[in-house]
Amino acid sequence: MENVVQKINNLSIGFRSQKGEEISILKNITTEIKRGETVGIVGESGSGKSTLALAMMGYIKHGLFTTSGECTFNSNDLLKMDGRALEKIRGRKIAMIPQNAGQALTPNLKIGYQIDEALRLHTDLNKIDRDKKISELLNKVRLPSPETMALRYPHELSGGQQQRVAVAMALAGTPELLLLDEPTTGLDVTTQAHVLELLKFIAKDTGTSMVYVSHDLGAIAQVSDRIIVMYAGEIVLDGPVRSVLKNPIHPYTFGLLKSIPKLSLAGLPHSMPGSQPQPGTIKKGCSFFDRCSLSEEKCKLNSPQLEYLEELKTSVRCFKHKELIETKNKENVITRNDKKVQINEILNLTDVSISYAKQKLLDQILNRFTDDNPTVKGINVDINKGETIALVGESGSGKSTILKSIAGLLKTKDGNIKFGKEKILQPDVKHRNPNDLRAIQLIFQNPDESLNPNHTVEQIIAQPLRLYFGMSGDELKKNIIDILEKVRLGEFYMTRYPRQLSGGEKQRVAVARAFAAKPDIILCDEVTSALDVSVQAAVLNLLQQLKEDFGTTYIFVSHDLAVVRAISDRVAVLYQGRLCEIGPSKNVYQTPSHPYTEVLLGAVLEPDPDIKPKLVAEDIVEDRPPEKGCSFQGRCPKVIGDICKNETPPWIKADNGNLIRCHLSLEELRK
Amino acid sequence: MENIKQNPKSTSAKILEVLGTMASRPSGLIGLVILIFHVSLALLSPYLAPYDYKAIDPTLMLQEPSSEFWFGTDSLGRDVFSRTILGGRIALTVTFFGSLIALFWGGLLGIFCGLVGGKIDDVVMRIVDAFLSIPWILAMLLIVSLLGTSIEVLIPALGFFYGKGIVRVARAATHDVIAKDFIISARARGHSNMSIIWNEILPNVRDAILVEGAMRWSWMLLGFSSLSFLGFGVSPPTPDWGLMISNARGLMSFAYWAVIAPIVGLSTLIIGINLTADAFAKALGIDRSTKAPV
């Protein structure tokens, strides 16, 4: 047997533009995948990493074509094979695990049947052996009670379990090469850590080669032996995981690593200027030229070639890599320059409960609140003017629900929200007065959805200005230009439509729209989750800058603890709509902390192969909060016994000012 | 992403671009040519018609097509060619304005239902469903026999009956955008429902509604001609294709020309509108016939 499973030689893939130009998406890709090796392909959106992964299966999307090169699997060129020959290889020799297993599984077929289908296609086993194999596979991906699991439908499984089923299906044909396209991106942090652990185990256990495609350097660092960094359709760096992450010798990787917020460091990450060029815009020279801090004249005129450095076992595409070998990746961050937060409460949440349950007619008439077990319950938070408070938790923790209630989009069922000490905010946005509406603004996760595609930037930013200040004509225009400048966008953006902007620019417009209302409080709902890492750093820096300039208060919802660490002053940890812990962010990231906080922190993936996630809690998903007792009782690794089940835990105050809601004493929590 | 420094196109440039895209497909080009031909014929036919459309001459009954009478004459000796080129005028006018009415009320009601949702939406949609289940021709006959067959009655009546389908399309298109964050964002800012409909929803559902309206136009044309055929549309001696087909169908076996000419007129116009509407939909990116991308 050969040692190399797949060999890609000078592969270029492109499409023809409307003008008839040939535009490359992948440029001269040369690499190989060894037997038993796990290779991580990392890059931002549009870098060509998914196109490369698909080409490794011999699949080229409609509209694209190969312009040069070959992609051989066990010495056969996949790109020259016909459909029949590929059928024998796909699924059997090369298997793929998709990003969203929930969508990849057929919703009306049972799990067992779907795995059986894969087995029938790719193996010659008879019915009895296949049934045995199904249990074996489900066992291998560590799904509980395989026999009953096989009889379930995909929607009865959680996201992590669905992903495990996808892994089991991919393993059905005992493939030699496993392609994984962002397999953990949609999952919660704790689930993600568990799935990655499983993938690592499978790689070791079966000896399968894996290609792991992701934008997330943290996940890549955990599973890969070797990392390929892609930028604008080219391989810019290709080397062993430690060499790439600890001593990145390409300026792009260097900048990328610096723009990732780290759990261990407070303060904002450095951002990279600009954004990735669109395919076909770079005619000559290095594609990273515009954004590079080391660039010089020759980088603009000549394209660097991929150069192999023997001592580092790394290939790099840069003229100036020698300068970066000396500069080690020193970890530093931009310290935040916050004014001291005064105890000057701007928003109070008192005993807020929110329920999605439908009230009965009689209760509606009597205005009674009857749901004993609401989605969000008993939230008490005081927010001071000028601080950034983060709400963190996994999906279903109620963090976005609370945000919607503050915005008046979802009525609170119990308790109240006070604005500026005494004024109780109307629960429904329709009954709020214009000044309260203006004071609270929202920024959403995905700027593609939050900006009307048929409005120009000018129209988008004009809306709050017209609505709250009644501006028009020259005054309106002047204000729009002012605000655009504040978010570092030029005047010429006014006539653009959102589709003409990059992801980062779109989010800047969304930020500008929120700030146009001169708000006191801005609610940020996962504002950086949909953005690429380098763009995320820039948006975080912008938000911080605006806060320093205007003294705005942020309520920042995120599932990403590293991002939260970078931007927030205070953190509130939520589980199943109940508060677990609240305190200054530097304390929350230290012991003693609530067991759930510990679980969350343990599961965070750092872009460093030497920092392994700690898997303490069970990977289960609860869909309803428990009726009584502690909200985290079902998954808590430190659960004491009946007291956790029956009694709501008290708030205990740690010596550093942290409030923790647990039955355990501080000493026990510190362990 | 287009080049950021380039200025975006003006509205008229966009319309020209859409027309250009439509004409770039053979079917779209054929549709546009037919439609433009029919519209210009309707505008110019009073000056083009060689004979008076109502001049009766018993001596010239059922003449075969000749150099004198290109399409022959009908049972009353009227020139079929003159009557055919004039016959589309009323049908086009009535159905054009009828479609506008249908678009207006159907579009607005659909968007409104999609936006408010809940009980109001339920009630309104069940009423629309109930109307959809009534055979329209029966209801039209009832209205026409009660209120007469004038244009003032026909346009709103047709507009009402063909707007029901548009309600459904507009509602569905609204549902597609209603859950998007930009609507929620507008709500959170405190915009009124009217402002949300006008500024946020309408620009995003406009294309779907326009395409549906264009399709309805061709159906309405068929409906109007059916009414005329049954004698409830235009009153004689006004030339109208439906009426002409109805009058001449008894003599079809020996005077086919009197019936063929209006049939060709009617069917080409309907095909023309259909092809144009299809090309319009494709040019706007709302293609109902595209396959899955894989």
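Residues numbered from 1 in each chain as written. Chains lettered and ligands numbered in written order. Predicted model: local features only at pLDDT ≥ 70, side-chain atom pairs only at ≥ 80, totals over all residues.

**Considering the overall build of chain A**
So, point 1. Secondary structure summary: chain A contains 26 helices and 24 strands in total.
So, point 2. A compact globule built from 671 residues should have a C-alpha radius of gyration of about 26 Å, and chain A, at 26 Å, falls within 12% of that.
So, point 3. By principal-axis analysis of the C-alpha atoms, chain A measures approximately 75 × 65 × 50 Å.
So, point 4. Buried residues in chain A amount to 49% of all 671 residues.
So, point 5. Of the contacts formed within chain A by residues at least 6 apart in sequence, a portion of 69% connects residues at least 24 apart. (Helix = DSSP H or I, 4+ residues; strand = E, 2+ residues; numbered from the N terminus. Rg over C-alpha atoms; globule rule 2.2 N^0.38 Å. Buried ≥ 20, exposed ≤ 12 C-beta atoms within 10 Å, placed from the backbone. Contact = placed C-beta atoms within 7 Å.)

**Re the overall build of chain B**
So, point 1. If you tally the helices and strands in chain B, you get 10 helices and 0 strands.
So, point 2. The principal-axis extents of the C-alpha atoms in chain B amount to approximately 80 × 50 × 35 Å.
So, point 3. Counting the 294 residues in chain B, one finds 42% classified as buried.

**Here's the deal with the pairing of strand β4 (residues 65-73) of chain A**
Residue and element names in this part refer to chain A.
So, point 1. Pairing of strand β1 (residues 4-16) with β4, which is carried by 7 bridges, proceeds in the antiparallel orientation. Directly across from Lys-7, in β4, lies its bridge partner Thr-72.
So, point 2. Counted along the chain from β4 to the antiparallel partner strand β5 (residues 76-77), the turn is 2 residues long, and its residue Asn-74 has a positive phi close to 45°. (Pairing = 2+ DSSP bridges.)

**Observations concerning the interface of chain B and chain A**
So, point 1. Facing 20 residues of chain B, the contacting portion of chain A comprises 27 residues.
So, point 2. Of all the secondary-structure elements, those providing two or more residues to the side of chain B that touches chain A are α7 (181-189) and α8 (193-229) of chain B.
So, point 3. Top contributing element to the side of chain B that touches chain A by residue count: α7(B), with 7 residues.

**Observations regarding helix α1 (residues 11-23) of chain B**
So, point 1. The terminal C-alpha atoms of α1(B) lie 18 Å apart, and with 13 residues this matches the ideal 18 Å at 1.5 Å per residue to within 8%.
So, point 2. Taking burial as the measure, the 13 residues of α1(B) include 1 buried ones, a minor fraction of the element. (Expected span 1.5 Å × (residues − 1).)

**Quick notes on the sheet that holds β1(A)**
So, point 1. Reading across from one edge, β2-β1-β4-β5 (chain A) is the order of the 4 strands in this open sheet, with antiparallel pairing throughout. A single partner strand is all that each edge strand has here, and the edge strands are β2 (22-34) and β5 of chain A.

**So, the confidence of the model for chain B**
Residues and elements named next belong to chain B.
So, point 1. Per-residue pLDDT for chain B averages 82, and the proportion of residues at 70 or more is 94%.
So, point 2. Per-residue pLDDT, averaged within each element of chain B, yields its smallest value for α1 (81) and its largest for α7 (90).
So, point 3. A low-confidence stretch, residues 290-294 stays under pLDDT 50, and its non-local contacts, those more than four residues away or across chains, total 1 contact.
So, point 4. Among the scores for the predicted complex, ipTM is 0.80 and pTM is 0.83. (pLDDT = per-residue confidence, 0-100.)

**So, the pairing of β2(A)**
Residue and element names in this part refer to chain A.
So, point 1. Strand direction decides the pairing type here: β1 and β2, joined by 9 bridges, are antiparallel. By the bridge assignment, Gly-14 is partnered in β2 with Ser-24.
So, point 2. Counting the residues in the hairpin turn of β1 and β2 gives 5 residues, including Gly-20, whose phi is positive at 95°.

**Some details on helix α18 (residues 457-469) of chain A**
So, point 1. Over its 13 residues, α18(A) extends 18 Å from the first C-alpha to the last, a length consistent with the 18 Å expected when each residue adds 1.5 Å.
So, point 2. Helix geometry: α18(A) is bent most strongly at A:Gln463, by close to 25°, with proline A:Pro464 lying one to four residues after it.
So, point 3. Listing the buried residues of α18(A) in full gives A:Val457, A:Ile460, A:Ile461, A:Ala462, A:Gln463, A:Pro464, A:Leu465 and A:Leu467.
So, point 4. The inward-facing, buried residues of α18(A) abut α19 (473-486) and α20 (503-516) of chain A together with α7 of chain B.
So, point 5. Immediately downstream of α18(A), the backbone of A:Gly470 shows phi near 60°, a positive value. (Bend = angle between axes of the 7 residues up to and from the residue.)

**Remarks on the packing of helix α2 (residues 26-48) of chain B against helix α10 (residues 257-284) of chain B**
Between two packed helices, both the angle of their axes relative to each other and the distance between the axes serve to describe the pair.
All names here are of chain B.
So, point 1. Following both chains from N to C, one finds α2 and α10 inclined at 130°, their axes separated by 7 Å at the closest point. Looking at the two axes, α2 sits oblique to α10. Pair α2 / α10 crosses with left-handed handedness. Residues Ser-27, Gly-28, Ile-30, Gly-31, Leu-32, Ile-34, Leu-35 and His-38 of α2 touch α10, and the partners they reach there are Thr-268, Leu-269, Ile-271, Gly-272, Ile-273, Leu-275, Thr-276, Asp-278 and Ala-279. (Axes fitted to C-alpha atoms, helices over the stretch in contact; angles between N-to-C directions. Parallel < 35°, antiparallel > 145°, perpendicular 65-115°, else oblique. Left-handed = near helix turned anticlockwise from the far one by under 90°.)

**Regarding the nonpolar core**
Side chains that are nonpolar tend, in soluble globular proteins, to be buried together.
So, point 1. A:Val211, A:Val229 and A:Ile555 are the most contacted members of the largest nonpolar core, which totals 251 residues.
So, point 2. Among the elements that make up this core, the one with the highest residue count is helix α3 (residues 80-116) of chain B (14 residues).
So, point 3. With near-sequence residues (within four places) excluded, A:Ile555 lies in contact with A:Ile383, A:Ile389, A:Leu391, A:Leu403, A:Ile406, A:Ile521, A:Leu523 and A:Cys524. (Core = buried A, V, L, I, M, F, W, Y, C linked by C-beta atoms within 7 Å.)

**Observations regarding the packing of α1(B) against α10(B)**
All names here are of chain B.
So, point 1. Viewed as axis vectors pointing N to C, α1 and α10 meet at an angle of 120°, and their least axial separation amounts to 9 Å. When the axes of α1 and α10 are compared, the pair comes out oblique. The element α1 and its partner α10 pack so that their crossing is right-handed. Facing α1, whose interface residues are Val-18, Thr-21 and Met-22, α10 presents Ala-279, Phe-280, Ala-283 and Leu-284.

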